[in-house]
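Residue-level listing of the chains:
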Amino acid sequence: MAGPTPGQARGRGWRRSSPGLYVPAEVPPQVEQRVLEASCRLRGAGAVTGWAALRLHGCGYLDGRDTDGRPLPVPLVVPPEVHLRTWPGTVVHRGRLPADEVGVRWGVPCTSPSRALFDAARTAPSVREAVVVVDTAAAAGVVDLASFATWAAQRQRWPGGAQVRQACSLAVERSLSPYETRLRLVWVLDAGYPTPLCNWPVTDADGRRLGRPDLVCPGLGTFGELDGADHRTGRQHAVDVARVGGVHRHRPRGVRRGRARRGPLPRAGGADARGGCAGAGQHSAAYLRPAARPGAAVRPTSGRERRAGVH
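Source: prediction; values computed, not measured. (Residues numbered from 1 in each chain as written. Predicted model: local features only at pLDDT ≥ 70, side-chain atom pairs only at ≥ 80, totals over all residues. Heavy atoms only, no water.)

1. Some points on the overall build of the protein chain
Along the protein chain, the regular secondary structure elements total twelve helices and 14 strands. Residues counted as buried form 49% of the 311 residues belonging to the protein chain. Taking all contacts inside the protein chain whose residues are at least 6 apart in sequence as the whole, residues at least 24 apart take part in 63%. Just so you have it, the protein chain exposes about 15400 Å², and 54% of that area is on carbon and sulfur atoms. (Helix = DSSP H or I, 4+ residues; strand = E, 2+ residues; numbered from the N terminus. Buried < 20%, exposed > 50% of the residue type's maximum accessible area, 1.4 Å probe, protein only. Contact = heavy atoms within 4.5 Å. Areas by Shrake-Rupley, 256 points an atom, 1.4 Å probe, with all protein chains shown as cover.)

Here it is in C-alpha cells:
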C-alpha cells in the first residue's frame, strides 16, 4: 500500500503516528491500533511489552487506560545499545531482551506473557496495581500464577523485582475484574482480615448451593460484593441477585463496596469492612460453607469471551 504524498500528509486526511509514519485520519485510535502504531517505531529492534503485550496475549481487561480513564503510554522495550527516543503515546525502556522472551502476536513483536507481566508489574505505580495486573493475567489464563512466581523470582534483582515478588504473594487466580482485586486488597491490607475466597461457590449446612459472592470468608461468616456503576443496570443487577441471592437469604454479614465506573477504590473502605464484619463469626458454621470443588471462577463462557473480559 502506497503512503501519502508530502502534500497529502499535511492535509486533514492523514494523521502522523510517529516520525515518518502516517495513518488515515478516519482510523479510530482504539487500543489495538495504538499498540500497532507504537510497534512500528521498533524497526526490527525490540518489542511491545507490559500491559500492551498482555492485551494482545488475551488480557481483555487491560484496556490501556489508568484508573482515571486516561490513556496509558504503550511500553516498548529495546536492547541497551538501541537508541529509540520516547514519542507521545509511548514509553521506551532499555534492558536485557533475550531472544526467547520475544515473539510475534497478531503481527506485532511482543514480549512473552511472563516477560510482559513482569514488566507491567515492576513498573506499576504501586504494589496494589501490580497485584491487579498479575490477577488479571492469571484469571485470563495468560500465565500460570505459580509458574510465573517462580520465573519472576529468578529476576528479583532486576529493577522493580521486589514489587513483583510482593505482588505475587498477594495475587490469586480467581479474581474476575480489576476492581474485585482492589476490593480484596482493601479487605486484606486495610481491614486486616484473612484472605477471602474469590468467586467461590458456598453452600448451607445441608449442602445446598447458596451462591457465588465476589469474596467470601467462611471463618467470619462474611461475604463481599462490588457495586459499581455497571452493576446497577437491570440486566447486571439481575445477574448479581441470581449469583448471591441465596447467600443473602441466609443472613450472613455482607460488605458491599460501591464505585464509579472508573476511579480508584478508596482505602478508607477498610474501616467499613471492619464494621461490616464485626461479630459475624457466629454465622460461619451454620450458614456459609465453601464448596469442596469450586469449579471455574467464571460463568460458562467461551474462552474468547473470558479473555475479552466478560464478567
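2. Let's talk about the environment of P4
Its location among the elements puts P4 in the segment before α1 (6–9). Here P4 falls in the partly exposed class, since its relative accessible area comes to 21%. As a C-alpha pair, P4 and P24 span 20 residues in sequence and 9.1 Å in three-dimensional space. In this structure P4 touches A9, W14 and Y22, once residues within four positions along its chain are discounted.

3. Topic: the pattern of salt bridges
Scanning the model with the defined rule gives eleven salt bridges in all. Among the salt bridges present, the one from D135 reaches R184, with a minimum N-O distance of 2.8 Å. A residue pair is termed long-range when its members are at least 10 positions apart, and D135 in helix α5 (residues 127–139) and R184 in helix α8 (residues 178–190) qualify at 49 residues. Of the two residues, D135 and R184, both sit in the buried class. A cluster of three or more residues bridged by salt bridges with shared partners is formed by E101, R115, D119, R122 and R155. (Salt bridge = Lys/Arg side-chain N within 4 Å of Asp/Glu carboxyl O.)

4. Points about the packing of helix α2 (residues 31–39) against helix α3 (residues 50–57)
Where α2 meets α3, the axes come as close as 10 Å, and the angle between the chain directions of the two elements is 120°. When the axis of α2 is compared with that of α3, the two are oblique. For the pair α2 and α3, the sense of crossing is left-handed. Counted together, V31, E32, R34 and V35 of α2 and W51, A52, R55 and L56 of α3 form the full contact between these two elements. Taken together, the residues that form the contact of α2 with α3 break down as five nonpolar, no polar and three charged. (Axes fitted to C-alpha atoms, helices over the stretch in contact; angles between N-to-C directions. Parallel < 35°, antiparallel > 145°, perpendicular 65-115°, else oblique. Left-handed = near helix turned anticlockwise from the far one by under 90°. Nonpolar A, V, L, I, M, F, W, Y, C, P; charged D, E, K, R; others polar.)

5. Things to note about the packing of aromatic side chains
Think of a pair of aromatic rings as described by two things: how far the centres are apart, and how the planes are tilted against each other in angle. Within the structure shown, the criterion is met by three aromatic pairs. Relative to W151, the ring of F118 has its centre 5.7 Å away and its plane inclined at 80°; by these criteria the two rings are edge-to-face. You can see F118 sitting in helix α4 (residues 113–122) and its partner W151 sitting in helix α6 (residues 145–153), a full 33 residues away along the chain. Among the aromatic residues, ring-to-ring pairing joins F118, F148, W151 and W158 into one connected group. The lysine or arginine in question, R182, covers the ring of Y179, its NZ or CZ lying 4.6 Å from the ring centre. (Phe/Tyr/Trp six-rings, centres within 6.5 Å; stacked < 30°, edge-to-face > 60°. Lys NZ or Arg CZ within 6 Å of the ring centre and 35° of its normal.)

6. Points about the side chain of S18
Looking at where S18 falls in the secondary structure, it is placed in strand β1 (residues 14–18). Exposure remark for S18: the relative accessible area of 1% places this residue in the buried category. Once residues lying within four places of it in the same chain are set aside, the contact partners of S18 are R41 and W87.

7. Re the confidence of the model for the protein chain
Per-chain confidence: the protein chain averages 78 in pLDDT, with 72% of residues scoring 70 or above. Low confidence marks residues 276–288, where pLDDT is under 50. Its contacts with residues over four positions away, or in another chain, come to 37 contacts. For the stretch residues 298–311, pLDDT sits under 50, and the model shows 23 contacts to residues farther than four places along the chain or on other chains. (pLDDT = per-residue confidence, 0-100.)

8. Overview of the pairing of β1
Bridge count between β1 and strand β2 (residues 21–24): four bridges; the pairing is antiparallel. The partner of R16 across the bridge, within β2, is Y22. The turn linking β1 back onto β2 is made up of two residues, and G20 within it adopts a positive phi angle of 85°. (Pairing = 2+ DSSP bridges.)

9. What about the environment of P73?
Checked against the element boundaries, P73 lands in the loop between α3 and β4 (74–78). Non-local contacts of P73, meaning those with residues more than four positions away in its chain, are made with W51, G89, T90 and V91.

10. Brief notes about the nonpolar core
Within the largest apolar cluster, 45 residues are counted, with the highest numbers of intra-cluster contacts made by V48, L54, V134 and F148. Mapped by element, the contributors of at least two residues to this core are α2, α3, β4, β7 (108–111), α4, α5, α6 and α7 (161–170). Beyond its immediate sequence surroundings of up to four residues, V48 is in contact with V35, S39, L42, A53, V74, P75, L76, V108, P109, C110 and T111. Membership of the second largest hydrophobic core comes to twelve residues, among which are V172, L183, C198 and C217. (Core = buried A, V, L, I, M, F, W, Y, C linked by side-chain atoms within 4.5 Å.)

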